[in-house]
Amino acid sequence: MPTESHASTSAIRVALPVPLFRLYSYDCDSLPAIGARVRVPFGNRQLIGICMGPDTDPDPAIKRKPVSAVLDEANCWTEPLWRLLVWAADYYQHPPGEVLQHALPALLRQGDAAGYQTTVHYEVTEQGRTVELDSLKRAPQQQRLLAALRRQSLLRRDIVSEDYSLSALKALQDKDLVAAVEHQPDLQQWQFSIDAEPLTLNPEQAMAVAAIGAAKQPQTYLIDGVTGSGKTEVYLQAMADVLRRGRQVLVLVPEIGLTPQTLRRFKKRFNVPIVMLHSALTDRERLDAWLDAKQGHAAIVIGTRSAIFTPCQRLGMIIVDEEHDNSLKQQEGFRYHARDLAVLRGHEEQVPVLLGSATPSLESLNNAMQKRYAWLRLTKRAGNAKKAQHVILDIKSLPLKAGLSQPLIKLIQAELEQQNQVLLFLNRRGYAPALLCHECGWLATCERCDAPYTLHQHNRLLQCHHCGSQQRVQTQCHDCGSTQLVGRGVGTEQLESTLAELFPEYPVLRIDRDTTRRKGSLQQHLEDARDSKYPLLVGTQMLAKGHHFPNVTLVALLDVDGALFSADFRAAERLGQLFTQVAGRSGRASKPGTVVLQTHHPDHELIQDLVNNGYHHFAASALTERELTQLPPYGQMALFRADDIQADTAMAALQTIARHFPQRDDVTVLGPLPAIMEKRAGRYRYQLIVQCHQRALRTQLLRHVLPQLEQLPELRRVRWSLDVDPQDFT
Ligand code: ADP
Ligand code: ZN
Ligand code: ZN
């Protein structure tokens, strides 16, 4: 470790993993690299912090403690990534120590060495090779082990599993007959080669790939292509160029478990090392993958949102697939948007960024319209697939059977008879979203939340989907004692059993959080769905993301009316994306598809626009509306949240925060207002919205206000947080 002693000590500034903006000053014999980890005393603990540079203005009145150890010789990240992290802490106004910790693998956060795991082999020494085996006659265990080690060196793991004893190993080491030898993994520079032949591109794809390849300056591209238009093929061919030059590609996907097909295509196409940063990795595996990326041993790095913080020595391109997807936004702690950071990282690294979606976010569409992004449109489905036919089904005053109208049941029947697959989409799991007393109207509600319990029939439980609390299904009404308790509304569990009754000869597969809890079960279900073992598919949101079900010819959305009247200004955009994405699951191969939308509001402007004119027309009108109301992307929002077991306390905290913002024409402060779900898990939740026209002004205000808030004792007693560019108001 590089802790050379110098004659004089210097003061350094350290970012610590504490929820405070300030940096801490420590003494150090020599100046560590900026971005290097240091271990320092903090109170009566030792913490791992990051060196932010020399303290050029140390307070002479404060007695600084010395750094206990310097853990890295150099910055933990690459230069461009470091600049991004420093920028992000400022932009999101989040304590720098927490931001930096978030961007490190767990083992590095805990102070482990930033190196590969070395494996220890046991080998015979010179003496061990020549000694007479018979001399160990009285220690048969040792004799056997020594004989084995003469044949080949072994790992400790081998020794245990081969039934040698560790005490025999120790004895042989003590006698200098055996020695432990450390091995580093063998890392070689990869050579680019293509395994599978690329497809012949259609003209739109070819133009897109050519545009990316021909660019003089790296920039951001919006690959705006309808479902099945071959966006992935565009990524693959654009990547090939980058990989050929020996540079790395970083790919962000919404959820690794949900995109096995895409991943398989990457692996099949390129014969280069790929690392995947998925949630099943152990801490050790994650660190090794991180090092592979950082040192350039991995050619392709694939991960979910936090992978945006993976350092890559020779980064050549960043791809964000499904850029509209909400999972790219971190909603807890350090709240960032991985897509936005990807664009900035591309700028810092001077590499192109590809944002792909069939339903781009309004933010990205606006950027494309303003020519900040190059807009590459793929309007045709690759291969022969035709665009699906869209149908609005007015269910006003129609009898419903588990949410299914008679006309829809007929359509399903017809498709099944043709040996086709049908996908029914209902974004509510469980049997029924509420349990109601038929005699007096009493509703079983969660005491900790403002929400009814969901009835789960198979395990006879009432579950709250907001706080996770659950109880056995009651048999009697709480208020009137009646035993006539009935489920109200329909969830996927009920839909599944009703379908089984209606179509007994056609197996049903349900895919939701309840049926995919077991590890690997989601992948299995998705494969079964694709293999058309199940003519009837029922699913929640999970099924809306990038899967190909080539035999599905009918897709129906059973109930989306809630989104039409939501208090969340993004609800319409989300419905548009959901409808278009789900519709894209239908008729992907040679069979034409139909998409049915059941609604009680067939004349609703939004539904009409979406179904008749398509997502882009709808998005353009939504953008006009946002501009009129100065909502994002035209206005810049910052959302303060506070919650407490006392409503007044949460509200008062936000009032205090509100008072710190200046009253001026170009700043709007709204609230405190109750969150869309006012009470959750026993806590009352309030929000305060700060809105500015200019992003720079917002940053400036927050930079000024946040350090003041940190000083206020009355805010220390309340749980509050700041969300810059919030996505969620529930
Ligand atoms: P997207 O990512 O836009 O939904 P994909 O890249 O998954 O679309 O492509 C959809 C299907 O079309 C895939 O089966 C893919 O192999 C096929 N495909 C893509 N591009 C071409 C092409 N140029 N020629 C033939 N088939 C193609
Ligand atoms: Zn009752
Ligand atoms: Zn609850």
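Described in the following lines is the structure provided in the data block. (Residues numbered from 1 in each chain as written. Chains lettered and ligands numbered in written order. Predicted model: local features only at pLDDT ≥ 70, side-chain atom pairs only at ≥ 80, totals over all residues. Heavy atoms only, no water.)

Looking at the metal site, the zinc ion (ligand 3) is ligated by Cys446 (SG), Cys449 (SG), Cys464 (SG) and Cys467 (SG), spaced 2.2 to 2.4 Å from it. One can describe the site at the zinc ion (ligand 3) as tetrahedral: its four donor atoms subtend angles covering 107 to 111 degrees at the metal. Counting along the primary sequence, the residues that act as donors to the zinc ion (ligand 3) give the motif C-x2-C-x14-C-x2-C. Placement of the pair is cysteine 446 in the loop between β20 (434–437) and β21 (454–456) and cysteine 464 in the loop between β22 (461–463) and β23 (470–472), with a sequence separation of 18 residues. The two residues cysteine 446 and cysteine 464 agree in class, both being buried. (Donors = N, O, S within 2.8 Å, 3.2 Å for Na, K, Ca; no water. Tetrahedral: all angles 85-135°; square planar, octahedral: opposite > 155°, others 65-115°. Helix = DSSP H or I, 4+ residues; strand = E, 2+ residues; numbered from the N terminus. Buried < 20%, exposed > 50% of the residue type's maximum accessible area, 1.4 Å probe, protein only.)

Let's shift gears to the coordination of the zinc ion (ligand 2). Coordination of the zinc ion (ligand 2) by the protein is provided by Cys437 (SG), Cys440 (SG), Cys477 (SG) and Cys480 (SG), with metal-donor distances spanning 2.3 to 2.4 Å. Of note is the zinc ion (ligand 2), whose four donor atoms meet at the metal with angles of 105 to 113 degrees in an arrangement that counts as tetrahedral. Using a relative accessible area of 40% as the deciding quantity, one classes cysteine 480 as partly exposed.

What follows is about the environment of valine 181. Along the chain, valine 181 falls in strand β8 (residues 178–183). A residue is classified by how much of its surface remains accessible, and valine 181, at 27% relative accessible area, is partly exposed. Taking the C-alpha atoms as reference points, valine 181 and serine 153, 28 residues apart in sequence, are found 9.5 Å from one another. In this structure valine 181 touches Thr119, Val120, His121 and Glu123, once residues within four positions along its chain are discounted. (Contact = heavy atoms within 4.5 Å.)

Strand order in this open sheet of seven strands is β11-β12-β10-β13-β14-β9-β15, and the pairing throughout is parallel. Edge positions in the sheet fall to β11 (274–277) and β15 (374–378), since each has one partner strand and no second. For this sheet the average axis-to-axis angle between neighbouring strands, irrespective of direction, equals 15 degrees. Note: β11 against strand β12 (residues 300–303), four bridges, orientation parallel. From the neighbouring strand, valine 275 faces β12, where its bridge partner is valine 301. Here helix α11 (residues 283–294) sits on the sheet in contact with β10 (248–252), β11 and β12, set at roughly 135 degrees to β11. Against the sheet, helix α13 (residues 362–369) makes contact with β9 (220–225), β14 (353–357) and β15, and its axis sits at roughly 115 degrees relative to β9, the strand it touches most. (Pairing = 2+ DSSP bridges. Axes fitted to C-alpha atoms, helices over the stretch in contact; angles between N-to-C directions.)

Spatially, three strands are ordered β21-β22-β23 in an open sheet, and the strand pairing comes out antiparallel. The strands lining the two open edges of the sheet, one partner per strand, are β21 and β23. For this sheet the average axis-to-axis angle between neighbouring strands, irrespective of direction, equals 25 degrees.

For helix α1 (residues 79–91), built from 13 residues, the straight-helix expectation of 18 Å at 1.5 Å per residue is met to within 8% by its first-to-last C-alpha distance of 18 Å. Those residues of α1 that are buried lie in contact with β4 (45–54), α2 (96–102), α12 (338–349), α21 (695–711) and β32 (719–724). (Expected span 1.5 Å × (residues − 1).)

Our focus in this paragraph is the packing of aromatic side chains. In the structure shown here, the tally under the stated rule is twelve aromatic pairs. Ring plane angle 35 degrees and centroid distance 5.7 Å describe the contact between tryptophan 77 and tryptophan 82, whose orientation is recorded as tilted. Each member of the pair, tryptophan 77 together with tryptophan 82, is buried. For the pair phenylalanine 640 and phenylalanine 661, a centre-to-centre distance of 5.8 Å together with 65 degrees between the ring planes defines the contact as edge-to-face. In this pair, phenylalanine 640 sits in strand β29 (residues 636–644) while phenylalanine 661 sits in the loop between α20 (647–659) and β30 (667–680), placing the two residues 21 residues apart along the sequence. Feature note: the residues Trp87, Tyr91, Tyr92, Phe309, Phe334 and Tyr336 constitute an aromatic cluster, connected by ring pairs. (Phe/Tyr/Trp six-rings, centres within 6.5 Å; stacked < 30°, edge-to-face > 60°.)

What follows deals with the packing of helix α8 (residues 203–214) against helix α9 (residues 231–244). Taken N-terminus to C-terminus, the directions of α8 and α9 make an angle of 35 degrees; their axes are 9 Å apart at the nearest point. Seen from above, α8 lies across α9 with right-handed handedness. Only Glu233, Val234, Gln237 and Ala238 of α9 make contact with α8, whose side of the interface consists of Gln205, Ala208, Val209 and Ile212. (Left-handed = near helix turned anticlockwise from the far one by under 90°.)

What follows concerns the state of the cysteines. One way to say it: the disulfide is the covalent bond shared by the sulfur atoms of two cysteines. Enumeration according to the criterion identifies zero disulfides in this entry. Left without a disulfide partner, cysteine 51 is nearest to the cysteine sulfur of cysteine 28, which lies 7.4 Å away. Take cysteine 51: its relative accessible area is 0%, and that puts it in the buried class. (Disulfide = S-S within 2.5 Å.)

So, on to the pattern of salt bridges. Pairs can form between side chains of opposite charge whenever their charged atoms are close. Enumeration over the complete set of coordinates arrives at 31 salt bridges. Here arginine 83 makes a salt bridge to glutamate 348, at a shortest N to O gap of 2.7 Å. One end of the pair, arginine 83, is in helix α1; the other, glutamate 348, is in helix α12, with 265 residues separating them in the sequence. The class for arginine 83 is partly exposed, based on a relative accessible area of 37%. When the shortest N-O distance is used, the salt bridge between arginine 570 and glutamate 363 registers 2.9 Å. Remark: glutamate 363 occurs in helix α13 and arginine 570 occurs in the loop between β27 (552–557) and α17 (571–583); sequence separation between them is 207 residues. Note on arginine 570: relative accessible area 3%, which makes it buried. Using a relative accessible area of 15% as the deciding quantity, one classes glutamate 363 as buried. Connected through salt bridges with shared partners, the residues Glu233, Arg265 and Arg269 form a single ionic network. (Salt bridge = Lys/Arg side-chain N within 4 Å of Asp/Glu carboxyl O.)

Here we come to the site of ligand 1. Taken together, 17 residues lie near ligand 1, and Thr200, Gln205, Gly228, Lys231 and Thr232 sit nearest. A distance of 2.7 Å is found between a nitrogen atom of ligand 1 and a backbone nitrogen or oxygen belonging to threonine 200. The separation between an oxygen atom of ligand 1 and a polar main-chain atom of glycine 228 is 2.9 Å. Surface burial for ligand 1 is 74%, taken as the share of its 550 Å² of free accessible area covered by protein chains. Here the shell around ligand 1 is built from residues that sort into four nonpolar, nine polar and four charged. (Near = heavy atom within 4 Å. Polar contact = N/O pair within 3.5 Å; in protein donor to acceptor, adjacent residues only side chain to side chain. Areas by Shrake-Rupley, 256 points an atom, 1.4 Å probe, with all protein chains shown as cover. Nonpolar A, V, L, I, M, F, W, Y, C, P; charged D, E, K, R; others polar.)

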